[in-house]
Amino acid sequence: MNYIVLDLEWNQAANKKNRYAKILPFEIIEIGAVKLNDGFQIIDTFQEVIRPVVYPKIHHISREVTGFTSADLQQGGHFPEVLKRFLTWCSSSEYRFCTWGPLDLTELQRNMNYYKIPLFPSPLFFYDIQEVFSIINGESANRRSLEYAVEFYEIEKKKDFHRALSDAYYTALIMAAMGAEKILPNDTVDTYQQPAGPDDEIYMRYDTHSRYISRTFPSRHEVMENSEVLSTRCCICDRRLRKKLRWFSDNSKNYYCLAFCKNHGYQSGKIHIKKNDKERYYAIKELTMTDSEGAAALYEKRVDYTKKHRTKRRQKASAAK
DNA sequence: GGAACACCGCCTATTTGTAG
DNA sequence: CTACAAATAGGCGGTGTTCC
């Protein structure tokens, strides 16, 4: 198995109401990648600049970040051809993608879709090294910058940041510093493509949590009526769990619940409902091991909303008098 | 500047529960 | 049954972080 550490640079519309902004918010202008063997040793590199055709003028922020000028980009290749060379380069043997952050494979596929190029086989599993960094440092909600992680592992800053090949290279060195045993159990999946039907839905199990990606539905309401979406299975033994707190909304995009496994204890559930490019809705459900304190926090969260509403109503009522 | 994410709060409409 | 309160659902905006 090879690992393709991928990094993209992209550009966007310089003027606000460009008619392509909806279907292609970001146009890829550089592909950089490092190929690693099983031992996370660098065995090859890939780097090509792409000439933008949708947004030929570089946005001032993209310019500042990457250093590219519009003239530089004119020297680049046409996306479909560069991509073809890239994918040929990738496929010298079986491989998995690795990226810093969750966006690259989504934007890559959005660009492929724009050119009607067949997408990757779905589901597309990959390693989000930025997420792995958060997990192994016990700060799962935090997203650290690449430079932060480079400093954390005391990696020498030999090259500038924010160029595709150098960022891929830094990400590869971070992976080597982390080691395979920390990274390999923590793969994730890109959701630019959602499961087509019930048989394609995605179930992933980890040490202390699990993740499920549903197929799409016409409305968020229908997502939250589906029994598979609502079910809670133990992230360790997969047993169907009884809920201590049934799914409740936090008045935002998330739902929460509390379930209990008689062998593995409390698990907090979270459903995030997302909308895709075609205005269809799907669920990302996560079950995470927790303790009685975590359970208490969820109970707290649950009653907090009703409490707030109550006081709000009282205030409103007294203000009306 | 645009997108994604997490977290927070405010506002409204509808459904559900309860007292008279 | 009505009338009101409570609970629920969902939209929207703001903050602060990352990516480019």
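Since the model is a prediction, treat every value here as computed from it, not as a measurement.

Conventions we followed
- Residues numbered from 1 in each chain as written.
- Chains lettered and ligands numbered in written order.
- Predicted model: local features only at pLDDT ≥ 70, side-chain atom pairs only at ≥ 80, totals over all residues.
- Heavy atoms only, no water.
- Salt bridge = Lys/Arg side-chain N within 4 Å of Asp/Glu carboxyl O.
- Helix = DSSP H or I, 4+ residues; strand = E, 2+ residues; numbered from the N terminus.
- Buried < 20%, exposed > 50% of the residue type's maximum accessible area, 1.4 Å probe, protein only.
- Pairing = 2+ DSSP bridges.
- Axes fitted to C-alpha atoms, helices over the stretch in contact; angles between N-to-C directions.
- Contact = heavy atoms within 4.5 Å.
- Domains from an automatic or database assignment.
- Polar contact = N/O pair within 3.5 Å; in protein donor to acceptor, adjacent residues only side chain to side chain.
- Nonpolar A, V, L, I, M, F, W, Y, C, P; charged D, E, K, R; others polar.
- Phe/Tyr/Trp six-rings, centres within 6.5 Å; stacked < 30°, edge-to-face > 60°.

## Looking at the pattern of salt bridges
Next up, step 1: All chains considered together, the criterion is met by 13 salt bridges.
Next up, step 2: Taking the shortest distance from any N to any O, the salt bridge between R85 and E48 comes out at 2.8 Å. On the criterion of sequence distance, the pair formed by R85 in helix α3 (residues 79-90) and E48 in strand β3 (residues 42-49) is long-range, its members being 37 residues apart.
Next up, step 3: Given a relative accessible area of 18%, E48 falls into the buried group.
Next up, step 4: A salt bridge links E107 to R110, with the nearest nitrogen and oxygen atoms 3.3 Å apart. You can see E107 and its partner R110 sitting in helix α4 (residues 104-114), 3 residues apart, about one turn around the helix. For the pair shown, E107 and R110 are each scored as buried.

## A few points about the sheet that holds strand β9 (residues 242-249)
Either a parallel or an antiparallel arrangement is found when strands of a sheet pair, and the pairing is made through backbone hydrogen bonds.
Next up, step 1: With antiparallel pairing, the 6 strands of this open sheet are ordered in space as β7-β8-β12-β11-β10-β9. Lying at the two open borders of the sheet, with one neighbouring strand each, are β7 (202-205) and β9. Sheet twist, expressed as the average angle between the axes of neighbouring strands with direction ignored, equals 15°.
Next up, step 2: Here strand β10 (residues 254-261) pairs with strand β11 (residues 265-275) via 8 bridges, running antiparallel.

## A few points about the pairing of β3
Next up, step 1: Bridging between strand β2 (residues 26-36) and β3 involves 7 bridges; their strand directions are antiparallel. Note that in β3 the partner of K35 across the bridge is D44.
Next up, step 2: Taken together, β2 and the strand that follows it, β3, pair antiparallel across an intervening segment of 5 residues, in which F40 is found at a positive phi of about 60°.

## Some words on α4
Think of an α-helix as 3.6 residues a turn; residues three or four steps apart then line up on the same face.
Next up, step 1: Along α4, 9 of the 11 residues are buried, which leaves the element largely enclosed by surrounding structure.
Next up, step 2: Residues of α4 that are buried include every one of D104, L105, T106, E107, L108, Q109, R110, N111 and M112, and no others.
Next up, step 3: Check the buried side of α4 and you find it contacts β1 (2-12), β2, α3, β4 (95-99), β5 (124-128) and β6 (188-190).
Next up, step 4: Just beyond α4, the residue with positive phi is K116, at close to 60°.

## Examining the domain arrangement of chain A
Next up, step 1: In terms of domains, chain A is made up of domain 1 (2-186) and domain 2 (194-310).
Next up, step 2: Taken over C-alpha atoms, the centre of domain 1 sits 30 Å from the centre of domain 2.
Next up, step 3: Counting residues at the interface gives 6 residues for domain 1 and 5 residues for domain 2.
Next up, step 4: Counting across the interface, domain 1 meets domain 2 through 2 salt bridges.
Next up, step 5: The residue R110 makes a salt bridge to D277 at a minimum N-O spacing of 3.0 Å.
Next up, step 6: Inspection of the domain 1/domain 2 interface yields 2 residue pairs in polar contact (both at pLDDT 80 or more).
Next up, step 7: Residue composition of the side of domain 1 that touches domain 2, by class: 3 nonpolar, 1 polar and 2 charged.

## Some thoughts on the side chain of N226
Next up, step 1: Mapping N226 onto the fold places it in the loop between α9 (220-223) and α10 (227-230).
Next up, step 2: Polar side-chain contacts of N226 include one of 3.0 Å to the backbone nitrogen of E228.

## Here's the deal with the packing of aromatic side chains
Next up, step 1: All chains considered together, the criterion is met by 21 aromatic pairs.
Next up, step 2: Considering the side-chain rings of Y3 and F40, the 5.2 Å spacing of their centres and the 85° angle between planes classify their relative orientation as edge-to-face. Here Y3 is found in strand β1, whereas its partner F40 is found in the loop between β2 and β3, with 37 residues between them in sequence. As far as burial versus exposure is concerned, Y3 and F40 are alike and both buried.
Next up, step 3: Judged by centre distance (5.4 Å) and plane angle (75°), the ring pair of F97 and F120 falls under edge-to-face. Of the two residues, F97 is situated in strand β4 and F120 in the loop between α4 and β5; the sequence distance between them amounts to 23 residues. For the pair formed by F97 and F120, the shared burial category is buried.
Next up, step 4: Here a set of aromatic residues connected by ring pairs shows up, and it is made of F46, F86, W89, Y95, F97 and F120.

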